[in-house]
Amino acid sequence: EVVRGDMFDPVSLAAALAGVDTAYYLVHSLGSAPDDFYQQEITSARNFAEAVRAVGVRRVIYLGGLGRSGDKLSPHLASRQDVGRALCESGAETIEFRASVILGSGSISFEMIRGLVDHVPVMLTPRWVNSLAQPIAVEDVLAYLVAGLDVPARERCTIYEIGGADKVSYGGMMRAYARSQG
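Residues numbered from 1 in each chain as written. Predicted model: local features only at pLDDT ≥ 70, side-chain atom pairs only at ≥ 80, totals over all residues. Heavy atoms only, no water.

Novice: Can you walk me through the sheet that holds strand 1 (residues 22-25) in this structure?
Specialist: Strand pairing within a sheet occurs via backbone hydrogen bonds; the two strands may be parallel or antiparallel. With parallel pairing, the four strands of this open sheet are ordered in space as 1-2-3-7. Strands at the two margins of the open sheet, each flanked by one partner only, are strand 1 and strand 7 (157-161). Adjacent strand axes in the sheet meet at a mean angle of 20 degrees, parallel and antiparallel pairs treated alike. In this structure, strand 2 (residues 59-65) lies alongside strand 3 (residues 93-99), joined through seven bridges in parallel fashion. By the bridge assignment, Gly 64 is partnered in strand 3 with Arg 98. Of the strands in this sheet, strand 1, strand 2, strand 3 and strand 7 touch helix 3 (residues 75-88), which is tilted by about 170 degrees from strand 2. On the sheet, helix 5 (residues 138-147) packs against strand 1, strand 2 and strand 3 and is oriented at approximately 155 degrees with respect to strand 2. (Pairing = 2+ DSSP bridges. Helix = DSSP H or I, 4+ residues; strand = E, 2+ residues; numbered from the N terminus. Axes fitted to C-alpha atoms, helices over the stretch in contact; angles between N-to-C directions. Contact = heavy atoms within 4.5 Å.)

Rendered as structure tokens:
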């Protein structure tokens, strides 16, 4: 059954979540204007948490970004963690899976890598291409999200870091993708 809810309309979210036991939060505002990004992320998470609380959803499963709160995080990763905290305020058991770059079609980070490699044969790269990530296959992320239905919550807000085993720079991922495409 498909239902409609607007992340900026708490009433529509409550109607969409009515009767739901477990809700997945896979919302991301990365494509919005840079000056609105953080506020949109937090507003949508708070609206969702309010609706979850109002209708009594038992569990929320959230896909956030890898990194520890004490680390120096990019504004993007810091916002993902703030979203996780906002969802925890819903009162529902919250399972947060923190992933790094997700390798697979549809992942914003992967599509960015694919777009750069496919369309820019030579480039001067900014410093961020040397940043290390722990890429994980989309199939593995999906397995974690499904497992989130049954995994026991260790506490009201449980965080699992699901980065892949290898640490690879964005430049390294670009080169690997380029090799794979010939």
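Let's pick the thread back up.
Novice: Would you explain the environment of Ala 78 in this entry?
Specialist: Relative to the elements of secondary structure, Ala 78 occurs in helix 3. With a relative accessible area of 26%, Ala 78 lands in the partly exposed category. Residues Ala 78 and Gly 64, spaced 14 residues apart in sequence, show a C-alpha to C-alpha distance of 10.0 Å. (Buried < 20%, exposed > 50% of the residue type's maximum accessible area, 1.4 Å probe, protein only.)

Novice: Please clarify how the pairing of strand 3 should be interpreted in this entry.
Specialist: On a regular strand, each side chain points to the face opposite its neighbour's, so the side chains alternate between the two faces of the sheet. Of all seven residues making up strand 3, six are buried, and the element is well covered by its neighbours. Pairing of strand 3 with strand 7, which is carried by five bridges, proceeds in the parallel orientation. Across the sheet, Arg 98 pairs through a bridge with Glu 161, a residue of strand 7.

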